[in-house]
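# Structural overview for review
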Amino acid sequence: LEALSRGISVFSTLISLRYIEADKLKFAVSVSKKIASSAVVRNRIRRRVYALVERIQKEVKKPAYIMLMPKKEFADMPIDTLEVEIRTLFSKARII
C-alpha cells in the first residue's frame, strides 16, 4: 500500500510497476475489475504475474516493495512475451 501512495512509477505497454526501496524484497500484484470482470480471469492473470516474478526475482539487485499492475492486453499475451516485458520494466526501474 505504501508503494502505491509514495512509490516510483514505471510504465510499459502491458504492465505498470510502482516501488519503494525497503529492507527486504516483497511483491504484490493488483488486477482491477476494469481489467477483467470475472474473478477467475483476474486470478489467472495474478498467477501468471507471480510465476514470471518468481523467475526474475533472483536477479533483483536492491530490496524493494514492488507492486505490479497488469493492463487489459496482458491476459492474452504469450508467456515469453510477458517475461521480456517484465524484465524490461524492471531494468527501466533499475531494479535488476
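Residues numbered from 1 in each chain as written. Predicted model: local features only at pLDDT ≥ 70, side-chain atom pairs only at ≥ 80, totals over all residues. Heavy atoms only, no water.

### Here's the deal with helix 2 (residues 39–56)
Put simply, the test is: Helix and strand assignments follow DSSP, with helices taken as H or I runs no shorter than four residues and strands as E runs no shorter than two, numbered in order from the N terminus. What a helix should span is 1.5 Å times the count of its residues minus one. Think of it in three bands: residues with accessible area under 20% of the maximum for their type are buried, residues over 50% are exposed, and the middle band is partly exposed, with areas taken using a 1.4 Å probe on protein chains only. Directions from the helix axis toward the C-beta atoms define the arc. Note on contacts: a residue pair is in contact if any heavy atoms of the two residues lie within 4.5 Å.
Over its 18 residues, helix 2 extends 26 Å from the first C-alpha to the last, a length consistent with the 26 Å expected when each residue adds 1.5 Å. Of all the positions in helix 2, only R42, I45, R48, V49, L52, V53 and I56 are classed as buried. Take helix 2 and look down its axis: the buried residues cluster within an arc of 135 degrees, on one side only. In helix 2, the exposed positions that point more than 90 degrees away from the buried face belong to V40, R47 and E54. As for helix 2, its buried residues are in contact with strand 3 (26–29), strand 4 (64–70) and helix 3 (79–92).

### Quick look at the sheet that holds strand 3
Put simply, the rule is: In this scheme, strands are said to pair when DSSP sees at least two bridges between them. Whenever a helix is involved, its axis is fitted only over the stretch in contact; in every case the axis is a line through C-alpha atoms, and angles between N-to-C directions fall within 0 to 180 degrees.
Strand order across the open sheet formed by four strands is 1-2-4-3, with mixed pairing between neighbours. What marks the edges here is a single partner per strand, and that holds for strand 1 (8–11) and strand 3. Direction aside, neighbouring strands of the sheet carry axes that sit 20 degrees apart on average. Both strand 3 and strand 4 contribute to a ladder of four bridges, which runs parallel. Within strand 4, the residue paired with F27 across the bridge is I66.

### Considering the confidence of the model for the protein
Heads up, the condition is: As a per-residue measure, pLDDT tells how confident the predictor is, with possible values from 0 to 100.
Summing up the model confidence of the protein, the mean pLDDT is 90 and the portion of residues at 70 or higher is 96%. Looking over the protein, one finds the lowest element-wise mean pLDDT in helix 1 (residues 2–6), namely 68, and the highest in helix 2, namely 94.

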